[in-house]
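# Descriptive structure summary
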Amino acid sequence: MLGIRWFLVICIVLAILLPLTAQTSSSALQPTEELQPRFSSAFALVHRAEAAGATREETADLVLLLNKALQLSEEATRLPGSETQRVALLAQANETLGRVETEATRLEVTASQRTFTNRIAAYVTGGIGALLATIAYAYGGYIWRRYRIKRTFQMRILPKVK
Amino acid sequence: MSSQSRRFLLVVFLTFLVIFEMVAYVTTTPRPREQFFQLYILGANRLLSDYYPNNDPNIGVGDLVRWHVGVTDSMGSVQLVVIRIKLANQTIRPPDDLQAQPSPAPLITEFRRFIQDNETWEMPFFWQIVNADMPEGYTRILEMQINNETYQVPGLTALDGHNFRVILELWTWETQSETLQFGWSSGNERRVAWLQVWFNMTSSARQ
């Protein structure tokens, strides 16, 4: 009976202490390390947007947000012992990275559509250009033939001047 | 129009089509370019001079050294660059360019930043030795302040304070392996960029 009571007491103490130890071990981690998967994923999405054809001006805002998140996580690293502030800064950095991800995904779609449209337009323009060049060539040939015929009929036979 | 003329025009059209489509392909396909970073360090007046206070490489405790460190991204995409600051003496190996290995010198601190293609990130790098001692003819640097932050130096000594050096290494984030790497990959090659500036901390400088 006594054993069961002790067991229950130990269980309650462990239930209180375990979350505290978990919190301590997680706070020992560097914030940039904690957010590393988020940084990595946001950065990869920015790269994908660039590969899809996003311009420098379009990615400039994303780079600003990435640097802001980096600054927030570094500030969280430097905070001396204030867990609440640290968690708040990390949450803010996390939210900023979320914005980067959303914006980069949207930008990737827009840029890839634009790149596709531009490519199609370039090839269609090439086809139209080839058609116009052929028409110009045919019309030029026609004018040239008419000119030669006209010149032929304008020819006169003149006696040779001695 | 005779069928022969039509056939001839068709050949002309196809010839023009091939030429024009080739032009379209060339204009819409991005050209491959050399990918690289530039890493530089400038003196107090952002020139290639005045690296030391009073142009004297003998630096004393509390002497503020003003440098400007910059990185230019010519990789064609956004990059995460990390500048690692290390402090070494004469015997510690510098980074290895051929094997792309960083220096084993103790890391003091690092600066991180995302930069765009063709963007230059330049930052002030003001540092001073704030604590050092001299055990048996050696000078040992104990604490260093960089941009108003103080860092502990893990026991770095030099005989009579000669030939200390600050090493700056450029690290980048490799998207595929999701790790920080020394230098960067350009095609199948590994390239690195690093700088070092020597200084002394002799007894005369410390007095």
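Let us look at the packing of aromatic side chains. We describe a pair of aromatic rings using the distance from one ring centre to the other and the angle between the two ring planes. Evaluation of the coordinates by the stated rule reveals 13 aromatic pairs over all chains. Look at A:F39 and B:F114: their rings are 6.2 Å apart centre to centre, the planes differ by 20 degrees, and that puts the pair in the stacked class. Of this pair, A:F39 sits in helix α3 (residues 36-51) while B:F114 sits in strand β4 (residues 107-115), each in a different chain. Comparing A:F39 with B:F114, the two get one shared label, buried. On the basis of an interplanar angle of 70 degrees and a centroid distance of 5.4 Å, the ring pair of B:W67 and B:W127 is categorised as edge-to-face. Within this pair, whereas B:W67 is found in strand β2 (residues 65-74), its partner B:W127 is found in strand β5 (residues 120-133), the two being separated by 60 residues in sequence. An identical accessibility class is assigned to B:W67 and B:W127; each is buried. One aromatic cluster is present, formed by B:W67, B:F111, B:F125, B:W127, B:F164 and B:F199 through successive ring pairs. The ring of B:F126 carries the charged tip of B:R66 above its face, separated from the ring centre by 5.8 Å. For the cation-ring pair, B:R84 lies above B:W171, with the distance from its terminal atom to the ring centre recorded as 4.1 Å.

Looking at chain B as a whole, the pLDDT averages 91, with 97% of positions reaching at least 70. On the interface metric, ipTM, the complex scores 0.86, and its pTM is 0.79.

In the structure shown here, the tally under the stated rule is 14 salt bridges over all chains. A:R78 is the partner of B:E149 in a salt bridge, and the nearest nitrogen-oxygen pair spans 3.5 Å. Placement of B:E149 in strand β7 (residues 149-159) and of A:R78 in helix α4 (residues 56-78) is noted, with the two residues assigned to different chains. A salt bridge links B:R46 to B:E122; its shortest N-O distance comes to 2.5 Å. Placement of B:R46 in the loop between β1 (36-42) and β2 and of B:E122 in strand β5 is noted, with a sequence separation of 76 residues between them.

Here the focus is the layout of surface pockets. Each pocket or cavity is described by its volume, and for the largest pocket that value is around 940 Å³. When contributions to the lining of the largest pocket are tallied by element, the ones reaching two or more residues are α2 (31-34), α3 and α4 of chain A together with β3 (79-88), β4, β5, β7 and β9 (179-182) of chain B. Considering each element in turn, the lining of the largest pocket owes the most residues, eight residues, to α4(A). Residue classes in the lining of the largest pocket are distributed as 14 nonpolar, 10 polar and 10 charged. Of the voids in this model, the second largest pocket is the one considered here, and its volume is about 660 Å³. Along the wall of the second largest pocket there are 22 residues; nearest its centre are A:E50, A:A51, A:G53, A:A54 and B:P30. For the lining of the second largest pocket, the secondary structure elements donating two or more residues are α3, α4 and α5 (83-153) of chain A together with α1 (3-28) of chain B. Looking at which element gives the most residues to the lining of the second largest pocket, the answer is α5(A), with four residues. Tallied by class, the residues present in the lining of the second largest pocket amount to five nonpolar, 10 polar and seven charged.

This part is about α3(A). Because the α-helix completes a turn every 3.6 residues, residues three or four places apart line up on one side. Look at α3(A): 22 Å from first C-alpha to last across 16 residues, which is about the 22 Å you get at 1.5 Å a residue. Where α3(A) is concerned, the buried positions are A:F39, A:S40, A:A42, A:F43, A:L45, A:V46, A:H47, A:A49 and A:E50. Residues of α3(A) that are buried sit in contact with α4 and α5 of chain A together with β3, β4 and β8 (164-174) of chain B. A positive phi of about 115 degrees marks A:G53, the residue just after α3(A).

Another aspect to go through is a nonpolar patch on the surface. Residues and elements named next belong to chain A. There is a patch of nonpolar side chains on the surface, built from F116, I120, V124, I128, L131, L132 and I135 and spanning about 690 Å² of accessible area. Within the fold, I128 resides in helix α5. You can call I128 partly exposed: its relative accessible area is 46%.

Residues and elements named next belong to chain B. If you walk across this open sheet you meet the five strands as β1-β2-β5-β6-β7, and the pairing is antiparallel. Sheet topology places β1 and β7 at the edges, where each strand pairs with a single neighbour. Neighbour-to-neighbour, the strand axes of the sheet open up by a mean angle of 30 degrees, direction not taken into account. Pairing analysis gives seven bridges linking β1 to β2, with the strands arranged antiparallel. Bridging from a neighbouring strand, Y40 pairs with G70 of β2.

Quick notes on the rules
- Residues numbered from 1 in each chain as written.
- Chains lettered and ligands numbered in written order.
- Predicted model: local features only at pLDDT ≥ 70, side-chain atom pairs only at ≥ 80, totals over all residues.
- Heavy atoms only, no water.
- Phe/Tyr/Trp six-rings, centres within 6.5 Å; stacked < 30°, edge-to-face > 60°.
- Helix = DSSP H or I, 4+ residues; strand = E, 2+ residues; numbered from the N terminus.
- Buried < 20%, exposed > 50% of the residue type's maximum accessible area, 1.4 Å probe, protein only.
- Lys NZ or Arg CZ within 6 Å of the ring centre and 35° of its normal.
- pLDDT = per-residue confidence, 0-100.
- Salt bridge = Lys/Arg side-chain N within 4 Å of Asp/Glu carboxyl O.
- 1 Å grid on protein atoms, 1.4 Å probe; cavity = no way out; pocket = protein on both sides within 12 Å on 5 of 7 lines; lining within 4 Å.
- Points joined across faces, edges and corners; volume = space filled by probe spheres on them.
- Nonpolar A, V, L, I, M, F, W, Y, C, P; charged D, E, K, R; others polar.
- Expected span 1.5 Å × (residues − 1).
- Contact = heavy atoms within 4.5 Å.
- Patch = residues over 30% accessible without salt bridge, like charges linked within 9 Å, V, L, I, M, F, W, Y side chains within 5 Å.
- Areas by Shrake-Rupley, 256 points an atom, 1.4 Å probe, with all protein chains shown as cover.
- Pairing = 2+ DSSP bridges.
- Axes fitted to C-alpha atoms, helices over the stretch in contact; angles between N-to-C directions.

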